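# Chains, contacts and geometry: an overview
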Amino acid sequence: MDDPILTIEEREAINSGRWFSTLSPSLRHDILRCAYVKRFKDGTLICARGEPPEEWIACARGAVRVSSTSISGKQITLTYVEPGIWFGDVAIFDGDRRTHDAYAHGDTTILCVSKADFKKILAAHVEFYEAMLRLHARRIRQLYGLVEDLNTLPLRARLAKQLLHLVRSYGVPSLSHGGEMRIGLQLAQEELAQLLGASRQRVNQELKTMEREDAIRIEPGGLVVRDREALMRIAETDN
C-alpha cells in the first residue's frame with residue numbers, strides 16, 4: 001500500500017502539527033526530504049513490541065492504535081496517535097527495543113524517517129535536539145496529567161475530557177445540525193473504556209447520562225457532540 005506522495009490533506013496534517021510547525025523551515029525541509037510514505041489498512045500491524053527501532057514515524061491520516069498485551073493475552077489500548085503527531089523516537093534515542101505494538105486504526109497513512117537519517121538530521125541541526133527535548137517534555141506533562149486525572153477525577157469527568165480531546169482531533173461538522181460535531185474516529189465503547197481504565201458497562205452508563213443531558217448523541221456510527229460547553233462543565237466541575 002506504499003505511495004511515495006502525500007495527499008494535500010496529509011501534507012497539511014503534517015505541516016500543521018503543533019510541534020512540527022514550530023521547527024525552522026530548513027529543519028522541516030530536511031526531515032521531509034528524506035521521509036517516505038507508508039499506507040495501511042485498518043487493523044494492520046505497523047510495528048511490534050520487541051522489534052528494534054528502524055523508523056521515526058508521524059501519523060498523516062487516520063490513527064495509530066498503541067497497545068500492549070496483558071499476561072492473560074488480552075490486548076489493551078493505551079492511546080491513539082492522531083494526524084500530525086510524531087512517535088517512535090524514544091527507542092531510537094535509548095537504543096532499546098520498542099515497548100508497544102502499533103496498529104492502523106482505519107485506513108492510515110504514516111510518514112517515516114529511517115533511524116540512520118534521523119541521526120544524520122540530529123548531527124546537522126542543533127535545533128533538532130532542543131526540539132526533541134520540548135517534544136519529550138510535552139509527553140511527560142501529558143503523562144502526569146493522565147495519571148493525575150486517573151487518581152483524582154471520577155469517570156464522568158475523565159470521559160468528558162476524552163470526548164473533548166477526540167472532537168478537537170477528529171471532529172467533523174454536522175451538515176444537518178449546526179454547531180454539532182461528529183467524532184470521526186470510530187471507537188467501540190470497549191476501546192473507549194480501555195482509554196479511561198474503566199469497564200465498558202460503566203462507560204456506557206455515563207454516555208447514556210450525557211445523552212439525556214443533551215451533551216452528546218449516541219448513533220450506530222459513533223458519537224456526536226451536541227454541546228461542547230456542557231462537556232467542558234462536566235470535565236471542570238465533576239470532581
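Given the structure is predicted, the values throughout are model-derived calculations rather than measurements.

When you go through the protein residue by residue, the secondary structure sums to nine helices and 10 strands. The C-alpha radius of gyration computed for the protein amounts to 19 Å, which stays within 12% of the reference 18 Å derived for 239 residues, consistent with globular compactness. Within the protein, the fraction of its 239 residues that count as buried is 43%. Across the protein, contacts joining residues at least 24 apart in sequence account for 72% of those joining residues at least 6 apart.

Here we take up the sheet that holds strand β7 (residues 171-173). Working definition: the strands of a sheet are paired by backbone hydrogen bonds and lie parallel or antiparallel to each other. Taken together, four strands build an open sheet; the order of strands is β7-β8-β10-β9 and the sheet is antiparallel. Among the strands making up the open sheet, the edge pair consists of β7 and β9 (216-219). For this sheet, the mean angle separating the axes of adjacent strands, direction not counted, is 30°. Sheet analysis places β7 next to strand β8 (residues 181-183), joined by three bridges and oriented antiparallel. Its bridge partner lying in β8, Gly-171 is registered against Ile-183. Along the sheet, helix α8 (residues 200-212) contacts β9 and β10 (222-225); its crossing angle with β9, the most-contacted strand, is approximately 120°.

Let us look at the UniProt feature "domain: HTH crp-type" (unreviewed entry) in the protein. Feature annotation in UniProt assigns "domain: HTH crp-type" (unreviewed entry) to the following positions: residues 153-229. With 51% helix and 18% strand, the stretch residues 153-229 has end C-alpha atoms that lie 18 Å from each other.

Time to look at the pattern of salt bridges. All told, the structure shown has 12 salt bridges when counted by the stated rule. Residue Glu-180 pairs with Arg-217 through a salt bridge whose shortest N-O separation is 3.0 Å. Residue Glu-180 is located in the loop between β7 and β8, and its partner Arg-217 is located in strand β9; the two are separated by 37 residues in the primary sequence. In this structure, Glu-180 and Arg-217 share a single accessibility class: buried. Overlapping salt bridges bring together Glu-180, Arg-182, Asp-214, Arg-217, Glu-219 and Arg-226 as one network.

This part takes up the UniProt feature "domain: Cyclic nucleotide-binding" (unreviewed entry) in the protein. Feature annotation in UniProt places "domain: Cyclic nucleotide-binding" (unreviewed entry) on residues 19-139, given in this structure's numbering. Along residues 19-139, the helical share is 33% and the strand share 38%, with 11 Å between the first and last C-alpha atoms.

Next up on the list: the domain arrangement of the protein. Splitting the protein by domain gives domain 1 (8-149) and domain 2 (154-236). Here the C-alpha centre of domain 2 lies 26 Å away from the C-alpha centre of domain 1. Contacts between domain 1 and domain 2 engage 14 residues on the former and 12 residues on the latter. Looking only at domain 1, the three residues that lose the most surface to domain 2 are Tyr-80, Glu-82 and Asp-149, adding up to 50% of its buried area. We note a salt bridge from Asp-149 to Lys-161, for which the minimum N-O separation is 2.8 Å. The interface formed by domain 1 and domain 2 contains six residue pairs in polar contact (both at pLDDT 80 or more). Taken together, the elements giving at least two residues each to the side of domain 1 that touches domain 2 come down to β3 (55-69) and β4 (75-81). Take the side of domain 1 that touches domain 2: its biggest share by element is seven residues, from β4. Residue composition of the side of domain 1 that touches domain 2, grouped by class: six nonpolar, five polar and three charged.

Glancing now at the nonpolar core. Buried together is how nonpolar side chains tend to be arranged in soluble globular proteins. Leu-163, Ile-183, Leu-192, Leu-207, Met-210, Ile-216 and Leu-231 are the most contacted members of the largest nonpolar core, which totals 28 residues. Among the secondary structure elements, those contributing two or more residues to this core are α6 (155-170), β8, α7 (189-196), α8, β10 and α9 (228-237). In terms of residue count, the dominant contributor to this core is α6 (eight residues). Ignoring anything within four residues of it in the chain, the contact list for Ile-183 reads Leu-163, Leu-166, Val-167, Tyr-170, Leu-223 and Val-225. Listed in part, the 24 residues of the second largest apolar core include Leu-6, Phe-20, Ile-31 and Phe-118.

A few words on the packing of aromatic side chains. For the structure on display, the rule yields seven aromatic pairs. Centroid distance Phe-93 to Phe-118: 5.5 Å. Interplanar angle 80°. Geometry classified as edge-to-face. One end of the pair, Phe-93, is in helix α3 (residues 89-94); the other, Phe-118, is in helix α4 (residues 115-124), and 25 residues separate them in sequence. Linked through ring pairs, Trp-19, Phe-20, Trp-56, Trp-86, Phe-93, Phe-118 and Phe-128 together constitute an aromatic cluster.

What counts and what doesn't
- Residues numbered from 1 in each chain as written.
- Predicted model: local features only at pLDDT ≥ 70, side-chain atom pairs only at ≥ 80, totals over all residues.
- Heavy atoms only, no water.
- Helix = DSSP H or I, 4+ residues; strand = E, 2+ residues; numbered from the N terminus.
- Rg over C-alpha atoms; globule rule 2.2 N^0.38 Å.
- Buried < 20%, exposed > 50% of the residue type's maximum accessible area, 1.4 Å probe, protein only.
- Contact = heavy atoms within 4.5 Å.
- Pairing = 2+ DSSP bridges.
- Axes fitted to C-alpha atoms, helices over the stretch in contact; angles between N-to-C directions.
- UniProt positions renumbered as here; feature names shortened; annotations may be inferred.
- Salt bridge = Lys/Arg side-chain N within 4 Å of Asp/Glu carboxyl O.
- Domains from an automatic or database assignment.
- Buried area = accessible area lost by both parts, 1.4 Å probe.
- Polar contact = N/O pair within 3.5 Å; in protein donor to acceptor, adjacent residues only side chain to side chain.
- Nonpolar A, V, L, I, M, F, W, Y, C, P; charged D, E, K, R; others polar.
- Core = buried A, V, L, I, M, F, W, Y, C linked by side-chain atoms within 4.5 Å.
- Phe/Tyr/Trp six-rings, centres within 6.5 Å; stacked < 30°, edge-to-face > 60°.

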